[in-house]
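# Residue-level structural notes
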Amino acid sequence: MTWDTQGSSAPEEQKTFVKCNGNNYDVTNITGLGLVEKLKSIARENGISKFDIYDGDNTNLSPSDIESGNFRGDLSLIRFNVAA
């Protein structure tokens, strides 16, 4: 909890992170299509071409879920495992 100069409590900013390959990426204040593009960018940066997206409730999400903000908590990118 943080306090403003008037002495009343102010809500603490909620941060949102994406977990990928043991790294945490701060995506606070990125929403909609911008967040979908940021997830793709993080995946490319980690050498991942196909991936699944999970939220804090371990729900598998689609890009449209991300774009509409239909998720809870932090996000995780998991490399899509293609069995040969």
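About the cut-offs
- Chains are numbered independently. Their residues run from 1 in the order of the written sequence.
- Whole-chain, interface and lining totals are the exception, using all residues; otherwise, since this is a predicted model, local features are given only for residues with pLDDT of at least 70 and side-chain atom pairs are given and counted only at 80 or more.
- No hydrogens and no water enter the side-chain calculation; it runs on all heavy atoms of the structure.
- In this text, helices come from DSSP runs of H or I with a minimum length of four residues, and strands from runs of E with a minimum of two, each type numbered from the N-terminal end.
- For every accessible area listed, the method is Shrake-Rupley and the probe measures 1.4 Å; residues are considered covered only by the protein chains on display.
- Relative accessible area decides the class of each residue, using a 1.4 Å probe on protein chains only: under 20% of the type maximum gives buried, over 50% gives exposed, and in between gives partly exposed.
- Confidence of the prediction at every residue is given by pLDDT, a number between 0 and 100.
- The contact criterion used is simple: two residues touch if any of their non-hydrogen atoms lie within 4.5 Å.

## Re the overall build of the protein chain
Looking only at helices and strands, the protein chain features 2 helices and 7 strands. Accessible surface, the protein chain as shown: approximately 5900 Å² in total, 46% of it carbon and sulfur.

## A few points about the environment of G73
When you line up the elements, G73 lands in the loop between α2 (63-68) and β7 (75-79). Using a relative accessible area of 48% as the deciding quantity, one classes G73 as partly exposed. Along the sequence, G73 and T16 sit 57 residues apart, while their C-alpha atoms lie 6.8 Å from each other.

## Some points on the confidence of the model for the protein chain
Across the protein chain, the average pLDDT comes to 87, with 82% of residues at or above 70. Of the regions scoring below 50 in pLDDT, residues 1-5 engages in 8 contacts with residues more than four places distant in sequence or in other chains.

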